[in-house]
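Now for the letters of each chain:
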Amino acid sequence: MPTRSDPEQSPGKFDSQNFLKQLTERPGVYRMYDDTGGVLYVGKARNLRKRVSSYFRKSGLAPKTEALVGKIAAIEVTITGSETEALLLEQNLIKSLRPPYNILLRDDKSYPYIYLSSHSDYPSLTFRRGRTKKGGGTWFGPFPSSGAVKESLNILQKVFRIRSCSESYFRNRNRPCLQYQINRCTAPCVGFISPEDYQEDIRHASMFLEGKNPAIIQDLMRSMENASRALEFEKAAAYRDQINNLRHVQEQQSVDGEGGDADVIAIAQDAGVVCIVVIIVRGGRVLGTKDYFPRYSLEQTEGELLASFLGQYYFGGDTRREIPRDILVPVAVDGQELLSQALSEAARRETRIRGNVRGERRRWLELAMTNARQTLLTHLASKETVYRRLLALRDLLELTETPSRMECFDISHSHGENTVASCVVFDENGPLKSDYRLYNIQDITAGDDYAAMRQVLTRRYRRMVNGEGKRPDLVFIDGGKGQLNIAREVFEELGISDIPLIGVAKGVTRRAGMEQLIDALTGAVFRVPADSPALHLIQHIRDESHRFAISGHRAGRDKKRRQSTLEGIEGVGPKRRRELIRYFGGIQELRKASVDEMAKVQGISKTLAETIYAALHDQ
């Protein structure tokens, strides 16, 4: 990403409450800045919202933490695919940025590895901090933490019984050591196992660490099931824990993966605003991110926007940026061949602009898209953005006062079934999600959107007239003249005459920026310039009501047919549910798994894994 509250836009005390409202609960890295733009601290989190919010507790903070919080003027976050990736990216940023609070509080060591020695007959598996070229052997890693590696070695010794002693200790043994007595070594030092059998164990361990031997996990799963059928539940639980720990060692690193240099560029746009995020990858590692909000015309396509941005990004500055070998983009860029040629000439080597990528580069691109969407969401919800748009909306509709509460209604159903209506609320701080409401629509003809709109408006504003609900300053209806006429009739029946009613129709082309606004009082139909902040606010409110209606409809539909956590997920039948539970050992471990881990299960594709992940995390 990053997601940021900019010091130039937010002078004074950092508005943590508004920032935290839009912060994601996914894993990632956060960076804290002072009012001069200097980096104060870099940290990682399994749950960004929970971790960052912990700094803003009213009590219980350590003195150093209080001093840090008192200097915060802005926070940026970068979303990662897993907590492991967050840890590796955190180390890269600490090394490059050298934040003062990290230097004081954190131990910045090299990455931990598992090392397979070069002994010809009986090699050892040991923990190493940092990688060297001396001594030959094979390196596995880097891994998330030293604790994870040590725990993993412990498990590998239990499963494969590979020795972990030093070469000098191994050469001078004349009887088995304690590791053999506790069944964690096969005593190769005294010849209790043949070199051939020992090499087979080494081969299995190596293949597993390389992620090339799912048969090992299958064997453990069969053992777990056999133990369970024999009612040996403690042994079954032990097998389950071994499976989980072994998979944790094998976890693939999308931050530290295949080598190569690339700039990964993603774009997201909504409500008249475009956000472009650049993730910089060098030597296979993510070194940093930067977000941009360029001014643009709504008539431009994403390919045109990226073409304009790439030209300015690489050639428009006072100092020319480093041009990597690969520039990854989510859509085809206008004039892509010409731009690639110009970049290649500037870099004096081939530079490719690529969109159709696989493997690690595909994951980088997906990560950039996730960051772009989150950054845009936070930007749209910032106080400064909303307030500027509110003033523009007041002037556009010629209101006597700036609206402090706005409501918008939308209808959603599946071919007329399970109809729901949404009511979303915006105030001077943006979306007021605590006041969002969903209404189940009943006793109407299937697919009758007019009747559904009449029912939800009557239910909502009859309560208001009776003194039970809050009074809005402005009401939007997602629809054309038909829906707006229904709303006007409901207001007349309830005796409401002092709340402006505005219809938001998509227009002839149904493209963003071409909306038509309809005033219920006068019947006037008018368009607003595509770059108007007032229109951007209306689009944001309309899109949010649409999203909330659809998500509410899906939740209600799925609730009827869902009997367990996995049931109700499209494409996950009894056999796949059974395979998922077998592979992960339980629903809790399944929730912790990444999309790539789920895709390793037999019968689970990458697309289906993304669907399962989204369902389990309410996305």
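Residues numbered from 1 in each chain as written. Predicted model: local features only at pLDDT ≥ 70, side-chain atom pairs only at ≥ 80, totals over all residues. Heavy atoms only, no water.

S.K.: Lay out the environment of Asp410 in plain terms, naming residues and giving numbers.
M.R.: Structurally, Asp410 can be placed in strand β13 (residues 405-414). Counting along the chain gives 14 residues from Asp410 to Val424, while the straight-line C-alpha distance between them is 8.9 Å. Excluding its chain neighbours within four sequence positions, the residues that come into contact with Asp410 are Val420, Ala421, Ser422, Asp478, Ser545, His546 and Ala549. Side chain to side chain, Asp410 and His546 meet in a polar contact 2.9 Å long. (Helix = DSSP H or I, 4+ residues; strand = E, 2+ residues; numbered from the N terminus. Contact = heavy atoms within 4.5 Å. Polar contact = N/O pair within 3.5 Å; in protein donor to acceptor, adjacent residues only side chain to side chain.)

S.K.: Talk me through the pairing of strand β4 (residues 74-79); I want residue IDs and the actual numbers.
M.R.: Across the six residues that make up β4, a large majority, six, are buried. Burial of the side chains of β4 extends over both faces: Ala74, Glu76 and Thr78 are buried on one face and Ile75, Val77 and Ile79 on the other. (Buried < 20%, exposed > 50% of the residue type's maximum accessible area, 1.4 Å probe, protein only.)

S.K.: Got a sec to walk through the nonpolar core? Specific residues and values, please.
M.R.: By size, the foremost hydrophobic cluster in this structure holds 28 residues, and its most contacted members are Phe409, Val456, Leu457, Tyr461 and Ile477. Mapped onto this core, the elements with two or more residues apiece are β13, β14 (417-427), α16 (449-465), β17 (474-478), α17 (481-494) and β18 (501-505). Those residues within four positions of Leu457 in sequence are excluded, and the remaining contacts are Phe409, Arg462, Ile477, Ala487 and Val490. Of all hydrophobic cores here, the second largest spans 24 residues; its members include Ile217, Ala227, Ile569 and Ile612. (Core = buried A, V, L, I, M, F, W, Y, C linked by side-chain atoms within 4.5 Å.)

S.K.: Go over the sheet that holds strand β6 (residues 125-129) with me, naming the residues and quoting the values.
M.R.: Reading across from one edge, β6-β5-β7 is the order of the three strands in this open sheet, with antiparallel pairing throughout. Each having just a single partner strand, β6 and β7 (138-140) make up the two edges of the open sheet. For this sheet the average axis-to-axis angle between neighbouring strands, irrespective of direction, equals 35°. In terms of strand pairing, strand β5 (residues 112-116) meets β7 through three bridges, oriented antiparallel. What sits directly across from Ile114, in β7, is Phe140. (Pairing = 2+ DSSP bridges. Axes fitted to C-alpha atoms, helices over the stretch in contact; angles between N-to-C directions.)

S.K.: Talk me through the pairing of β14; I want residue IDs and the actual numbers.
M.R.: Within β14, nine of the 11 residues are buried, leaving the element largely enclosed by the surrounding structure. Two elements, β14 and strand β16 (residues 437-440), share four bridges in a ladder whose sense is antiparallel. Each residue of the ladder has a partner; that of Ser422, found in β16, is Leu438. Here β14 pairs with strand β15 (residues 430-431) via two bridges, running antiparallel. Counterpart to Phe426 in the pairing with β15 is Pro431.

S.K.: Which residues make up helix α12 (residues 302-315), and what values do they have?
M.R.: One turn of an α-helix holds 3.6 residues; hence residues three or four places apart share an orientation. The end-to-end C-alpha separation of α12 is 20 Å, in line with the 20 Å expected for 14 residues at 1.5 Å each. Along α12, the positions that sit buried rather than exposed are Gly303, Leu305, Leu306, Ala307, Phe309, Leu310, Tyr313 and Tyr314. (Expected span 1.5 Å × (residues − 1).)

S.K.: Hey, could you go over the side chain of Asp326 for me, with residue numbers and the actual values?
M.R.: With respect to the element layout, Asp326 can be found in strand β11 (residues 326-328). By relative accessible area, Asp326 is classed as buried at 3%. A distance of 3.1 Å separates polar atoms of two side chains, one belonging to Asp326 and the other to Arg352. If we skip the residues at most four places from it in the chain, Asp326 touches Asp261, Ala262, Asp263, Arg352, Arg354 and Arg361.

S.K.: Give a detailed account of the packing of aromatic side chains, specifying residues and quantitative values.
M.R.: Geometrically, a pair of aromatic rings is defined through the distance of the ring centres and the angle of the planes. Scanning the entire structure with this criterion turns up 17 aromatic pairs. Centre to centre, the rings of Tyr30 and Tyr55 are 5.8 Å apart; their planes meet at 65°, and the pair counts as edge-to-face. Linking Tyr30 in strand β2 (residues 28-33) with Tyr55 in the loop between α2 (48-53) and α3 (63-71), this pair joins segments that are 25 residues apart in sequence. Here Tyr55 falls in the buried class, since its relative accessible area comes to 5%. For the ring pair Tyr122 and Tyr198, a centre distance of 5.2 Å and an interplane angle of 75° mean the geometry is edge-to-face. Within this pair, whereas Tyr122 is found in the loop between β5 and β6, its partner Tyr198 is found in helix α9 (residues 195-209), the two being separated by 76 residues in sequence. For Tyr122, a relative accessible area of 10% translates into the label buried. On the accessibility criterion, Tyr198 (0% relative accessible area) is buried. Three or more aromatic residues joined by ring pairs make a cluster, and in this case those are Tyr292, Phe309, Tyr313 and Tyr314. (Phe/Tyr/Trp six-rings, centres within 6.5 Å; stacked < 30°, edge-to-face > 60°.)

Interpretation in functional terms is not warranted from these geometric data alone.
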